[in-house]
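Close look at the chain arrangement
Given next are the chains, with one letter for each unit.
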Amino acid sequence: MGSPMALNLIKTGCDVTVWNRTKSKCDPLISMGAKYKPSPEEVTAACDVTFAMLADPESAMEVACGKHGAVSGMGPGKGYVDVSTVDGGTSKLISGHIKASGASFLEAPVSGSKKPAEDGQLIFLTAGDKSLYETVTPFLDIMGKSRFYLGEVGNGAAMKLIVNMIMGSMMATFSEGLLLSEKVGLDPNVLVEVVSKGAISAPMYALKGPSMVKSLYPTAFPLKHQQKDMRLALGLAESVSQPTPISAAANELYKVAKSHGLSDSDFSAVIEALKGKVQS
Ligand SMILES: NC(=O)C1=CN([C@@H]2O[C@H](COP(=O)(O)OP(=O)(O)OC[C@H]3O[C@@H](n4cnc5c(N)ncnc54)[C@H](OP(=O)(O)O)[C@@H]3O)[C@@H](O)[C@H]2O)C=CC1
Ligand SMILES: O=CCCC(=O)O
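The notes below deal with the structure included here. Note that the structure is predicted; figures quoted are calculated from it, not measured. (Residues numbered from 1 in each chain as written. Chains lettered and ligands numbered in written order. Predicted model: local features only at pLDDT ≥ 70, side-chain atom pairs only at ≥ 80, totals over all residues. Heavy atoms only, no water.)

**Side note on unusual backbone geometry**
Positioned with a positive phi, Ser215 is a non-glycine residue whose angle comes to about 60°. The residue Ser215 is located in the loop between helix H10 (203–213) and helix H11 (223–239) in this model. Positioned with a positive phi, Ser241 is a non-glycine residue whose angle comes to about 55°. Position of Ser241 relative to the elements: it lies in the loop between H11 and helix H12 (245–259). (Helix = DSSP H or I, 4+ residues; strand = E, 2+ residues; numbered from the N terminus.)

**So, the site of ligand 1**
The environment of ligand 1 is formed by 23 residues, the closest being Asn20, Thr22, Lys25, Ser113 and Lys228. Within the side chain of Arg21, one N or O atom sits 3.0 Å away from an oxygen atom of ligand 1. Contact with the protein chains hides 84% of the accessible area of ligand 1, taken as 900 Å² for the molecule alone. For the shell around ligand 1, the secondary-structure elements that each account for two or more residues are helix H4 (57–65) and H11. Classifying every residue of the shell around ligand 1 by side-chain character gives 9 nonpolar, 7 polar and 7 charged. When residues of the shell around ligand 1 are sorted by domain, at least three fall in each of domain 1 (2–151) and domain 2 (158–279). (Near = heavy atom within 4 Å. Polar contact = N/O pair within 3.5 Å; in protein donor to acceptor, adjacent residues only side chain to side chain. Areas by Shrake-Rupley, 256 points an atom, 1.4 Å probe, with all protein chains shown as cover. Nonpolar A, V, L, I, M, F, W, Y, C, P; charged D, E, K, R; others polar. Domains from an automatic or database assignment.)

**Considering the packing of aromatic side chains**
Taken as a whole and judged by the stated rule, the model has 5 aromatic pairs. Measuring from centroid to centroid gives 6.4 Å for Phe51 and Phe139, while their planes differ by 85°, and the two rings are edge-to-face. Pair noted here: Phe51 is in strand S3 (residues 49–52) and Phe139 is in helix H7 (residues 130–143), with a separation of 88 residues, a long-range link. Ring geometry for Tyr133 versus Tyr149: centroids 5.1 Å apart, planes at 40°, classification tilted. Here the residue Tyr133 occupies a position in helix H7, and Tyr149 occupies one in strand S8 (residues 144–149), the gap between them amounting to 16 residues. Relative accessible area serves as the criterion here: at 27%, Tyr149 is assigned to the partly exposed category. (Phe/Tyr/Trp six-rings, centres within 6.5 Å; stacked < 30°, edge-to-face > 60°. Buried < 20%, exposed > 50% of the residue type's maximum accessible area, 1.4 Å probe, protein only.)

**Some details on the pattern of salt bridges**
Considering all chains together, one arrives at 10 salt bridges under this definition. Linking Asp229 and Lys228 is a salt bridge whose minimum nitrogen-to-oxygen distance equals 3.0 Å. Lys228 matches Asp229 in its accessibility class, with the two residues each being buried. Here Lys255 makes a salt bridge to Glu252, at a shortest N to O gap of 3.0 Å. Within this pair, Lys255 and its partner Glu252 are both found in helix H12, separated by 3 residues, close to a single helical turn. The class for Glu252 is partly exposed, based on a relative accessible area of 42%. (Salt bridge = Lys/Arg side-chain N within 4 Å of Asp/Glu carboxyl O.)

**Notes on the side chain of Ser95**
By the element assignment, Ser95 lies in helix H5 (residues 88–100). Take Ser95: its relative accessible area is 7%, and that puts it in the buried class. The residues contacting Ser95, other than those within four sequence positions of it, are Phe105 and Val153. (Contact = heavy atoms within 4.5 Å.)

**Some details on the nonpolar core**
By size, the foremost hydrophobic cluster in this structure holds 25 residues, and its most contacted members are Met171, Phe174, Met212, Leu223, Tyr254 and Phe267. Elements represented by at least two residues in this core include exactly helix H8 (155–183), helix H9 (188–197), H10, H11 and H12. By residue number, the principal contributor to this core is H8, which donates 5 residues. With residues up to four places along the chain from it excluded, the contact list for Met212 reads Met171, Phe174, Ser175, Leu178, Tyr217, Ser268 and Ile271. In this structure, Ala6, Val81, Val110 and Val136 belong to the second largest nonpolar core, which totals 22 residues. (Core = buried A, V, L, I, M, F, W, Y, C linked by side-chain atoms within 4.5 Å.)

**Here we look at H5**
Compared with the 18 Å implied by 1.5 Å per residue over 13 residues, the 18 Å span of H5 between its first and last C-alpha is a close match. Among the residues of H5, those classed as buried are Gly88, Thr90, Ser91, Ile94, Ser95 and Ile98. Along the long axis of H5, the arc covered by the buried residues comes to 155°, so they all point the same way. Facing away from the buried side of H5, by more than 90 degrees, are the exposed residues Lys92 and Ala100. One or two positions beyond H5, positive phi appears at Gly102, with a value near 100°. (Expected span 1.5 Å × (residues − 1). Arc of directions from axis to C-beta.)

Take a look at the structure:
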């Protein structure tokens, strides 16, 4: 996700400096004009605003607050925008460290997958320093099609987790429907078409259904990240004693799919967890 987002900034003439743990993934961006620094600390020291896109809470914390992490290069007048999907607690911790340096913090997780990232069509769910939100609005509008400012740090993370909790449950029940249709002698491709005409139509079903019928799962949103988001959303629900039985059941399916080696497949591979025989 970070690469296509940075590429859109480069293409529109922004002065972009990049870092990634695996340096080779920066090379296409460097060839398009990005500068490179060998640590998060050196990126934040060199830049007014830094966007971070990391896998999970642990990596977001490590890159922000670890040795030679982003915080070490931050200071008054600078801004840190974390666009990773993490829980509110992690986001608040990172915010605390960034703000202690005198800099500003915005959480801004995104809805939309690989293709929307490439097309500059992401949806930003932001919260934190309003002045930083206003400063980075031109960049958000290059990378995305909509943006929401949701107030205090934690609200953007919560909105993102709730959206992905719904999405994960939708994908799980869609998978059940595809397999049930096939078992009772219906063509699952026709089911995808019927669904696309009615009130439960969703771009996700039309986009992923045909390849799921062929047992193909080209990765847009890795299954391991969907399961991480289900886990974090269930933690959020637990924190306020909100019952979420459907999502809890769906989470179990993503865990089964992970145990079958499907972590790096698209999250639509969750259908494999419902088959007697699992393909990888
Ligand atoms: N893919 C999607 O459709 C969407 C993803 N998201 C969210 O965006 C984030 C990124 O997703 P995506 O790009 O798909 O994930 P990837 O797994 O492709 O990328 C994860 C990134 O995190 C880095 N990373 C992981 N662990 C560490 C660590 N310990 N220290 C430093 N860097 C680390 C990886 O570095 P390296 O290259 O070295 O492995 C890589 O740059 C996740 O939070 C995901 O939930 C949000 C919306 C859509
Ligand atoms: O976090 C990933 C979201 C994927 C999507 O919104 O299509």
